[in-house]
Amino acid sequence: MTRRRTAHRGAIAFFVLPFGVLFALFFVLPVGYAVVQSLYVVERTDMFGPAREVFGGLTQYGYVFSDGPFWRSIGRVLLFGVVQVPVMLGLALLTALLLDSGLVKAGRFFRLAFFMPYAVPGVVAAIMWGFLYSPNLSPFTTVTKSVDLLSADIVLWAMANVVTWVYVGYNMIIIYSYLLSIPTEIYEAARLDGAGPVRIAWSIKIPLVMPALVLTTVFSIIGTLQLLAEPQVFRSFSSAVSSTYTPNLTVYSTSSIPNFNLAAAFSVVLALATFALSFGFLKLTQRKGLR
């Protein structure tokens, strides 16, 4: 028994070590470095004196929690997520169910077609949609001149459309993979009981792909709070998008001043908020699943 346990431990260490090293190098160390940097402040002996970093404790976090634009940006992306994430995952679920139903011909073509937008880099997608929204550049001038899609009231939802267009296919693939893993005997039994395609989808398929929906929702929560490429690109198209429009854009703009210590504090608070929301959603779904 001792030899077997030792052999298993060696095998576990062999497979876990590469991941552990990469995880430590590209996640743990950067986060730790950001935490350390957030505890320092820059001081000068006079206006033109040399800058030096000194330990400031939680001084930077005091600036973060008193920064109104930063918290408004968090509220903005939370509103973005409450509306955009359900719409995106609803469309992904619908397309996955349609592809799995067998009613759609050329299923391979449509799987590829739905996934293709995800292969487009986010910056390129934002630039492309920015030109489509711009009244002077868009080929759809009748629409863009009657409805200002880059105005302060609409630009957030214009960006939501870009994110939805990019990630519907990605989430559809995850959900569709779960659907393929469901034993076909369950569907055959349901048909023998008189269930139609809609009833099977509602009563069997959707409940069984709930783990996939939970997974994609967690990914979407994390992605929503990390929104950067779209607002950064849209700043060149719309004056309504400021340098503090989203939390990640605030971090980017602050580090460009440069004020790396304050940017690190913003990043740590944003990481904690992302963790709290993701973990809270997981705990909520687990409790409902136990019930």
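Computed from a predicted model, the values in this text were never measured in an experiment. (Residues numbered from 1 in each chain as written. Predicted model: local features only at pLDDT ≥ 70, side-chain atom pairs only at ≥ 80, totals over all residues. Heavy atoms only, no water.)

Chemist: How would you sum up the overall build of the chain? Please name residues and give values.
Modeler: In terms of regular secondary structure, the chain is built from 13 helices and two strands. Once the C-alpha set of the chain is aligned to its principal axes, its extents read approximately 85 × 75 × 35 Å. Each of the 291 residues in the chain was classed as buried or not, and the buried ones make up 35%. Carbon and sulfur atoms make up 69% of the accessible area of the chain, which totals about 17,900 Å². Here the chain carries 20 positive and 11 negative side-chain charges, and the mean point of each set is 11 Å from the other. (Helix = DSSP H or I, 4+ residues; strand = E, 2+ residues; numbered from the N terminus. Buried < 20%, exposed > 50% of the residue type's maximum accessible area, 1.4 Å probe, protein only. Areas by Shrake-Rupley, 256 points an atom, 1.4 Å probe, with all protein chains shown as cover. Lys, Arg positive; Asp, Glu negative; His and termini not counted. Charge placed at Lys NZ, Arg CZ, Asp CG, Glu CD.)

Chemist: So what about helix H10 (residues 210-225)? Which residues, and what values?
Modeler: Here H10 spans 23 Å end to end across 16 residues, near enough to the 22 Å set by a 1.5 Å rise per residue. Along H10, the residues classified as buried are Ala-212, Leu-213, Val-214, Thr-216, Thr-217, Val-218, Ser-220, Ile-221, Thr-224 and Leu-225. (Expected span 1.5 Å × (residues − 1).)

Chemist: Any details on the layout of surface pockets? Residues and values, ideally.
Modeler: Its volume calculated, the largest pocket comes out at about 450 Å³. Around the largest pocket sit 15 residues that line it, and Phe-27, Val-31, Ser-267, Leu-270 and Ala-271 are the ones nearest its centre. Of all the secondary structure elements, the ones that give two or more residues to the lining of the largest pocket are helix H1 (2-37), helix H12 (247-255) and helix H13 (260-290). No other element matches H13, which puts seven residues into the lining of the largest pocket. Tallied by class, residues from the lining of the largest pocket come to 11 nonpolar, four polar and no charged. (1 Å grid on protein atoms, 1.4 Å probe; cavity = no way out; pocket = protein on both sides within 12 Å on 5 of 7 lines; lining within 4 Å. Points joined across faces, edges and corners; volume = space filled by probe spheres on them. Nonpolar A, V, L, I, M, F, W, Y, C, P; charged D, E, K, R; others polar.)

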